[in-house]
Amino acid sequence: AGVSDDVVRQEIRKAAVARKTTVVPPKPVSRSQLTEAERDLLAQLMSAPADAADAVADLEPADLVGLASRSLLEAAQALARDERAQGRSGSVASRLLSELGEADVAFLTGLSVQIAKPAPVADCIRAIKQRRAARERQEIQRQIDAFQQGGGGAAAVDGDELLIRKLQAARAAQAEG
C-alpha cells in the first residue's frame, strides 16, 4: 500500500490515546427502590472503589436483571472492565461521577455520606447473586407447573430436564450461600 511502518505505528498510537470508553447516562435511581445489597454496593463503590469495582466487573448481566440500580451498575461495570483492560485501577468512582447526570451524582455522593458502615462488598455481591438464583428457581418452577398442567405426555423428557435444572439450581444456591 506504500505506507511505511512508522506511519502505521504512529496512527495506532494516536488511536490508542484517543480511545475512550463511553457510558450512556443511566436513568436516575430512586433510593426507595434499592435493595440493601444494592445500596451498600453503591456506597462501597464510592468509598472503596478498587474492591467494589473489581466485584462489579465480575457480575454477569443476568445478575443485574430487575435491580433498580442496574443502569448505574452497568455503567460502573463498563468503566471497571475498561480499567482492567488498560491495567489501571481505582478511578472508577471518579470516572463514573464525571459521566453521570447531576441527580445520580447527588444520589451516589449522598449514599456514601449517609451510610456510615455499608456491608462488605462480598456480602453485597452474594446477595445480588442469591436474588438471581431465586429468580431462576422461580422461573424453573413456573415452567414445571406449566408442564404439569399440560399433562406431560410426549414431552416427558422436557419434564425430566426441568427437574434436573431445578436440582442444579438448588445445589448452586447451596454452594454459594
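Everything here concerns the structure above.
(A) Quick look at the overall build of the chain. What the chain contains, in helices and strands, is nine helices and zero strands. Within the chain, the fraction of its 177 residues that count as buried is 33%. Taking as baseline every contact in the chain between residues at least 6 positions apart, the subset at least 24 positions apart corresponds to 71%. A total accessible area of about 10700 Å² is found for the chain, and carbon and sulfur atoms account for 53% of it.

(B) Geometry of the packing of helix 3 (residues 49-57) against helix 5 (residues 70-86). Where helix 3 meets helix 5, the axes come as close as 8 Å, and the angle between the chain directions of the two elements is 100°. Relative to helix 5, helix 3 is oriented roughly perpendicular. Two secondary-structure elements touch here, helix 3 through Ala53, Asp54, Val56 and Ala57 and helix 5 through Leu73, Ala76, Gln77, Ala80, Arg81 and Arg84. Its residues assigned to classes, the contact of helix 3 with helix 5 shows six nonpolar, one polar and three charged.

(C) Broad picture of helix 7 (residues 102-114). End to end, helix 7 covers 18 Å across 13 residues, agreeing with the expected 18 Å (1.5 Å per residue, within 8%). All of the buried residues along helix 7 are Asp104, Phe107, Leu108, Gly110 and Leu111. The arc enclosing the buried residues of helix 7, seen along the axis, measures out at 165°, which places them on a common side. Away from its buried face by more than 90 degrees, helix 7 exposes Glu102 and Val113. Where the residues of helix 7 are buried, they touch helix 2 (36-47), helix 5 and helix 6 (92-99).

Definitions and cut-offs
Throughout this description, residue numbers start from 1 for each chain and increase along the sequence as written. Only residues with pLDDT of at least 70 get local features here, since the model is predicted, and only at 80 or more are side-chain atom pairs given and counted; chain-wide, interface and lining totals rely on the full set of residues. Just so you know, side-chain values use all the structure's heavy atoms and leave hydrogens and water out. Counting from the N terminus, the helices are DSSP H or I runs at least four residues long and the strands are E runs at least two residues long. Residue exposure (1.4 Å probe, protein chains only): buried if accessible area is under 20% of the type maximum, exposed if over 50%, otherwise partly exposed. We call two residues in contact whenever any of their non-hydrogen atoms come within 4.5 Å of each other. Using the Shrake-Rupley algorithm and a 1.4 Å probe, accessible areas are obtained, with residue cover drawn only from the displayed protein chains. Axis lines are fitted through C-alpha atoms, for helices just across the contact stretch, and the angle between N-to-C directions can take any value from 0 to 180 degrees. Orientation is classified from the angle alone, with under 35 degrees giving roughly parallel, over 145 giving roughly antiparallel, 65 to 115 giving roughly perpendicular, and any other angle giving oblique. Note on residue categories: nonpolar means Ala, Val, Leu, Ile, Met, Phe, Trp, Tyr, Cys or Pro, charged means Asp, Glu, Lys or Arg, and polar means any other residue, Gly included. Here, expected helix span is obtained from the residue count minus one, scaled by 1.5 Å. The arc refers to the directions leading from the helix axis to the C-beta atoms.

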